[in-house]
Amino acid sequence: MIARRIWRSHRFLRPFSSSSACAPPLLAPYHSQSFASPTSRPFLVPSLSVMKWSGGGGSRSLFSNEAMSIDSNAGGGFIDVPLAQTGEGIAECELLKWFVKEGDPVEEFQPLCEVQSDKATIEITSRFKGKVALISHAPGDIIKVGETLVKLAVEDANDALQVSSDTPENVEPICSKPKLDSLVGALSTPAVRTLAKDLGIDINLVIGSGKDGRVLKEDVLRFGGQKENVTEDPVIRGDSVSTNFEDQIVPLRGFNRAMVKTMTMATKVPHFHFVEEINCDALVKLKHFFKEHNTDSTVKHTFLPTLIKSLSMALTKYPYVNGCFNEESLEIVLKGSHNIGVAMATEHGLVVPNIKNVQSLSLLEITKEMSRLQHLATNNKLSPEDVTGGTITLSNIGAIGGKFGSPLLNLPEVAIIALGRIEKVPKFKEDGSVYPASTMMVNIAADHRVLDGATVARFCCQWKEYIEKPELLMLQMR
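Only a predicted model underlies this, so the values are computations on that prediction, with no experimental measurement involved.

Caption draft 1: The arrangement of the overall build of the chain in detail. When helices and strands are counted, the chain shows 11 helices and 25 strands. Counting every position in the chain, which comprises 478 residues, the buried fraction comes to 43%. For the chain, the share of sequence-separated contacts (at least 6 apart) that also reach a separation of at least 24 residues comes to 63%. Within the structure as shown, the chain displays about 25200 Å² of accessible surface, and the carbon and sulfur contribution to it stands at 53%.

Caption draft 2: Spotlight on the state of the cysteines. The final tally for this structure, using the stated rule, is 0 disulfides. Just so you know, C461 is unpaired, no disulfide at all, and the nearest cysteine sulfur is the one on C460, 6.0 Å from it. When its relative accessible area of 42% is taken as the criterion, C461 is described as partly exposed.

Caption draft 3: Molecular detail of unusual backbone geometry. A cis amide bond, omega 5 degrees, links L411 with the succeeding residue P412. You can see P412 is positioned in the loop between β22 (392-396) and β23 (415-419). Although it is not a glycine, L330 adopts a positive phi angle of roughly 55 degrees. For L330, the location among the structural elements is in the loop between β16 (323-326) and β17 (331-334).

Caption draft 4: Inspection of the packing of helix α7 (residues 304-317) against helix α8 (residues 363-378) at higher detail. Look at α7 against α8: their axes get within 9 Å of each other, and the N-to-C directions meet at 120 degrees. In this view, α7 runs oblique relative to α8, as classed from their interaxial angle. Considering only the axes of α7 and α8, their crossing is right-handed. Residues L304, P305, T306, I308 and K309 of α7 form the contact with α8, whose own contacting residues are L363, I366, T367 and M370. Classifying every residue of the contact of α7 with α8 by side-chain character gives 6 nonpolar, 2 polar and 1 charged.

Caption draft 5: The nonpolar core, seen in detail. Counting residues in each nonpolar core, the largest one holds 47 residues, and the members touching the most others are I308, L311, L394, I417, L419, L451 and W463. Listed by contribution, the elements that provide at least two residues to this core are β15 (271-279), α7, β18 (340-342), α8, β22, β23, β25 (434-447) and α10 (453-468). Leaving out residues up to four positions away in the same chain, I417 has contacts with L311, I392, T393, L394, S395, V442, N443, I444, F459 and W463. Membership of the second largest hydrophobic core comes to 22 residues, among which are L83, I90, V132 and I135.

Caption draft 6: Quick peek at the pattern of salt bridges. Per the counting criterion, the structure on display carries 13 salt bridges. Note that K427 and E277 form a salt bridge whose closest N and O atoms lie 2.7 Å from each other. Taken together, the residues K427 in strand β24 (residues 423-428) and E277 in strand β15 connect sequence positions 150 residues apart. In this structure E277 comes out as partly exposed when scored by relative accessible area, which is 29%. A salt bridge links R372 to E369; the shortest N-O distance between them is 2.8 Å. Of this pair, R372 and E369 both sit in helix α8, separated by 3 residues, roughly a single helical turn.

Caption draft 7: Summary view of a nonpolar patch on the surface. On the surface, Y320, I332 and L334 cluster together to form a nonpolar patch covering roughly 260 Å² of accessible area. On the secondary structure map, I332 appears in strand β17. With a relative accessible area of 36%, I332 lands in the partly exposed category.

Caption draft 8: Structural detail: the packing of α7 against α10. Remark: α7 packs on α10, axes separated minimally by 9 Å, with the N-to-C direction vectors making an angle of 140 degrees. It follows from the interaxial angle that α7 and α10 lie oblique. Here the hand of the crossing between α7 and α10 comes out right-handed. Facing α7, whose interface residues are L307, S310, L311, M313, A314, L315 and K317, α10 presents F459, Q462, W463, Y466 and I467. For the contact of α7 with α10, a count of residues per class yields 9 nonpolar, 2 polar and 1 charged.

Caption draft 9: Broad picture of the side chain of D219. Summarising the element assignment, D219 is placed in helix α4 (residues 217-223). Polar contacts involving the side chain of D219 include one to the main-chain amide nitrogen of L216, which spans 2.9 Å. The residues touching D219, leaving out its near neighbours within four places in the chain, are V206, I207, G208, S209, G210 and R214.

Caption draft 10: Geometry of the packing of aromatic side chains. Applying the stated rule across the entire model yields 2 aromatic pairs. With a centroid separation of 6.4 Å and 75 degrees between ring planes, the pair formed by Y318 and F459 is classed as edge-to-face. Taken together, the positions of Y318 in the loop between α7 and β16 and F459 in helix α10 put the pair 141 residues apart, joining distant regions of the chain. Between K287 and the ring centre of F303, over which it is positioned, the NZ or CZ distance is 4.4 Å.

Caption draft 11: Structural view of the confidence of the model for the chain. Chain-level pLDDT for the chain is 75 on average; 72% of the residues reach the 70-or-more range. Counting contacts from residues 64-75, a segment whose pLDDT is below 50, to residues more than four positions away or on other chains yields 64 contacts. Below a pLDDT of 50 lies the segment residues 163-184, which in the model reaches 36 contacts outside its immediate sequence neighbourhood of four places, other chains included.

Parameters at a glance
- Residues numbered from 1 in each chain as written.
- Predicted model: local features only at pLDDT ≥ 70, side-chain atom pairs only at ≥ 80, totals over all residues.
- Heavy atoms only, no water.
- Helix = DSSP H or I, 4+ residues; strand = E, 2+ residues; numbered from the N terminus.
- Buried < 20%, exposed > 50% of the residue type's maximum accessible area, 1.4 Å probe, protein only.
- Contact = heavy atoms within 4.5 Å.
- Areas by Shrake-Rupley, 256 points an atom, 1.4 Å probe, with all protein chains shown as cover.
- Disulfide = S-S within 2.5 Å.
- Axes fitted to C-alpha atoms, helices over the stretch in contact; angles between N-to-C directions.
- Parallel < 35°, antiparallel > 145°, perpendicular 65-115°, else oblique.
- Left-handed = near helix turned anticlockwise from the far one by under 90°.
- Nonpolar A, V, L, I, M, F, W, Y, C, P; charged D, E, K, R; others polar.
- Core = buried A, V, L, I, M, F, W, Y, C linked by side-chain atoms within 4.5 Å.
- Salt bridge = Lys/Arg side-chain N within 4 Å of Asp/Glu carboxyl O.
- Patch = residues over 30% accessible without salt bridge, like charges linked within 9 Å, V, L, I, M, F, W, Y side chains within 5 Å.
- Polar contact = N/O pair within 3.5 Å; in protein donor to acceptor, adjacent residues only side chain to side chain.
- Phe/Tyr/Trp six-rings, centres within 6.5 Å; stacked < 30°, edge-to-face > 60°.
- Lys NZ or Arg CZ within 6 Å of the ring centre and 35° of its normal.
- pLDDT = per-residue confidence, 0-100.

Shown next, in the form of C-alpha cells:
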C-alpha cells in the first residue's frame, strides 16, 4: 500500500486502505501534493510528562506521554508508542502479552499490552484513538525504556497530539515518497518475528508473499532453507520418557531477573546470623481459637499474622532493626513505619510484597491484607506500591518444608528472618519428665554495618517472648 497525503481543512489526514495497518478509507476526496514541500517534514511532538497512571485496584495501567515522531509524508497517521518509564530505576521490562493484534481498532486508554519490570506487572494503555499498524515485539521480549512498543495509525495526528507548527531545524525534508516498509519495517505477526529471530534471520530481508507484502511463516522458513513442517519440542505426557538430552538455555525474566541483581548486591554486605528456637504452643492454640470462632468465610487464619504483629511490637523497642543504611553518606535511617515484607514463591518467581504500617493494624486487618497480597502475587498483579518501601522481611520457608534457612538481606533493609516449620518435638521439664512441644527455628540475618550480635539477640528474645506469651502482646497492642 502506498500512503497518500490528503489536505482537508488545513489538516493532514491519513488515507487508509484495507490493509491491517490502516483504518477504514476516508470519504473525502484527496488532492496529491508535492512531498518536497517544507510542510511535509515530520512533526515532532513536544516532550510532556513521562508517564501517567490510570485505573485502580490491584492492577496498574499507564500511558506514555513522551515525545513521539509522526511522519507527515505518510499522511500524518503513524504514531510510535514507546515504553514509558514504569518506575524509578527501571530501565527495561519484559513483554508478557498483547491485548490487541495488528489491524485492531484502538480507543483512548484501551489496554494495549502487559509488561513486567523487576518490581511489578503493569498494563500499558493507548493515549490515542486509531488502529494498530505494527506490533514491534513478541511476548517474552525484553524491551528497553523508550523503545517502540507499537505503531498506531490515526485519522488526524494534529488533533490527536496538538502538533506544534514549528519544525525543528535538525529535521531534513524528505524529497521522495516513502514506502510503507521503510516506515514500519516488514509486515508480519509477532509469532513470525519470533521464528525469524530464533533462526537468526533478519526479517526485513525476507520477501513477503502475503497481502501487502506481509511476511508469512513459509517465507521465513523458505528464506532459511528449512522445511515448513517444523514442530515444537515434544511434550512429555504420562509415563513417556524424553529422548532430548540437549542443553537448554533459559533466559531470566521478571522477578527472577531482579533477584539476580539484588542478591548479587547483598553478597557484598557483611552479614551475620542469629538462630533461636521458639516454643509455639500458645501460637498454635491461638490459631485454633481464631479458626473455631471465625465468622467470615473469606478469612483464612494462619500463624503468620500473629508472627508479623508480634514482630512489629518488638521493632518498637528496637528501632535499629527496622532501619536502612545509606552507604554514600554513612547514615542510618530509622524507619517510622513497620512495612513488613513477606517473601512469596510464585510461578512467576520470588516476590516480596509488604504490609504497610503494621504497627497500626489489628490481627484481622493484617490477615486480610496478607490474603490480598497473596492473591495478587499468584495472578502476577502486584502494583509497584505493594513491592516497594519494605523495612524488614520474613521468609517463611516452613510453609514449603525445612527447619532452618540462611537468608540473604533484601537491601536496603538491615534484617531478614527465615522461619522454619513448626513441629512437635519432645522436651524435658525441670523434674525430668518428657512432654511434647511445638517449636520453630528462626534465623535472623543482619547487616553488621548497622547491627551487632547483642542488639539482634535482645531483639529476638523480645519477639520470642511475645510469641510464647501472647497475653503480653495483647496487653501492649494498640
